[in-house]
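# Observations on chain architecture
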Amino acid sequence: MTRPAITSVSRFAQRSNGSTQADRFVPEEVPIALSYAGTTHAVMMGSPADLEDFARGFSLTEGIIAELDEIDFIEVEDAGAGIDIQIRLKDQANTRFQARRRRLAGPVGCGLCGIESIDEAMRSVPRTHGTLELSPKQITDAVRALSEHQALHKKTGAVHAAGFFQPGRGILAAREDVGRHNALDKLAGALAAQGVAGSSGAVVVTSRVSVELVQKTAAIGAPFIIAVSAPTALAIRTAEDAGLTLIALVRGDEYDVFTHPERVTDDAPELVRA
């Protein structure tokens, strides 16, 4: 099933030299249901692209599965007004998921999906043990490199991106979405499908850093999250506790390191082992 991720619309453009009517590309935004064993677990507003990566990544970063081979199959269905991603889990994973659902009153629509308790929202994250180090130049290069993988943003100016950077190799994978959490989930799914170890690189995002992005980066296993915008206080505390290096407000050659600055060093290797 394929839907366009962008569409062309007509608008009046007011400029200093007058007003003109012209077409402009804008991103599509549709409800996307993630359903397990035939039951909807979460509904997200998102871009209708890379949907199997979305299913894989969401399942991993939300702790529904521990590894990719716990998914039996993924089927993307056009539901008219939206998209339904049907995910069937293998027996043991499905048993764990059903037990989890019984602890919840029901799913919610956005943000922390399938979560209706404070304890679930504030779940602990796996501690990062990666030995990767980055130099100041590699940090700023990572953000510059991600811009080259933002085809939808270049056309619309209205979507987020998440990429995975390895020193010496650049951006190995990148995904875009109108939702910043969705873009990161899609990236997580792409990395898992490609067999890329999260500990081997850095997550790079075009948005602010919320606690959910830190939680998902930790689930990927990346020791760095690098962002062009600012973090929240809770994101900083969570990254500190998780042993994750949080770098934000990257502007040209300038940036702020909020947690675990010991990983930023001029002696970082130019190439990491695959």
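Please refer to the structure higher up on the page.
Keep in mind that what you see is a predicted model, and the values were worked out from it rather than measured.

## Examining the pairing of strand S7 (residues 160–166)
Judged by how many residues are buried, S7 sits mostly within the fold: six of seven residues are covered. Across seven bridges, S7 lies against strand S8 (residues 170–177) in antiparallel orientation. From the neighbouring strand, alanine 162 faces S8, where its bridge partner is arginine 175. Here S7 folds back onto S8, and the loop between the two strands holds three residues, one of which, glycine 168, carries a positive phi near 85°. Across four bridges, the pairing between S7 and strand S9 (residues 202–205) is antiparallel. Bridge pairing in S9 places phenylalanine 165 opposite alanine 202.

## So, the environment of alanine 37
Positionally, alanine 37 belongs in the loop between strand S3 (30–36) and strand S4 (39–46). Distance in space between the C-alpha atoms of alanine 37 and asparagine 94 is 7.9 Å, their sequence separation being 57 residues. Contact partners of alanine 37, with chain neighbours within four places excluded, come to Ile87, Asn94 and Gln98.

## Considerations on the pattern of salt bridges
What the rule picks out here adds up to 13 salt bridges. The shortest N-O distance in the salt bridge between glutamate 52 and arginine 56 comes to 3.3 Å. Highlighted residues: glutamate 52 and arginine 56, both in helix H1 (residues 51–61), separated by four residues, approximately one helical turn. On the basis of relative accessibility, which here comes to 37%, the residue glutamate 52 falls in the partly exposed class. The exposure class assigned to arginine 56 is buried, which follows from its relative accessible area of 19%. Ionic pairing is found between glutamate 70 and arginine 96, a salt bridge with its closest N-O pair at 3.0 Å. Of the two residues, glutamate 70 sits in the loop between H1 and strand S5 (71–78) while arginine 96 sits in helix H2 (residues 91–102), which places them 26 residues apart along the sequence. Note on arginine 96: relative accessible area 37%, which makes it partly exposed.

## Observations concerning the side chain of threonine 156
Considering the arrangement of structural elements, one finds threonine 156 in helix H5 (residues 151–156). A residue is classified by how much of its surface remains accessible, and threonine 156, at 4% relative accessible area, is buried. A polar side-chain atom of threonine 156 sits 2.9 Å from the main-chain carbonyl oxygen of leucine 152. When neighbours within four sequence positions are excluded, threonine 156 is seen to be in contact with Ile6, Arg24, Phe25, Val26 and Pro27.

## Focus on a negative patch on the surface
Where like charges cluster on the molecular surface, the negative patch consists of Glu133, Glu240, Asp241, Glu262, Asp266 and Asp267. We classify aspartate 241 as exposed; its relative accessible area is 60%.

Definitions and limits used
Residues numbered from 1 in each chain as written. Predicted model: local features only at pLDDT ≥ 70, side-chain atom pairs only at ≥ 80, totals over all residues. Heavy atoms only, no water. Buried < 20%, exposed > 50% of the residue type's maximum accessible area, 1.4 Å probe, protein only. Helix = DSSP H or I, 4+ residues; strand = E, 2+ residues; numbered from the N terminus. Pairing = 2+ DSSP bridges. Contact = heavy atoms within 4.5 Å. Salt bridge = Lys/Arg side-chain N within 4 Å of Asp/Glu carboxyl O. Polar contact = N/O pair within 3.5 Å; in protein donor to acceptor, adjacent residues only side chain to side chain. Patch = residues over 30% accessible without salt bridge, like charges linked within 9 Å, V, L, I, M, F, W, Y side chains within 5 Å. Areas by Shrake-Rupley, 256 points an atom, 1.4 Å probe, with all protein chains shown as cover. Lys, Arg positive; Asp, Glu negative; His and termini not counted. Charge placed at Lys NZ, Arg CZ, Asp CG, Glu CD.

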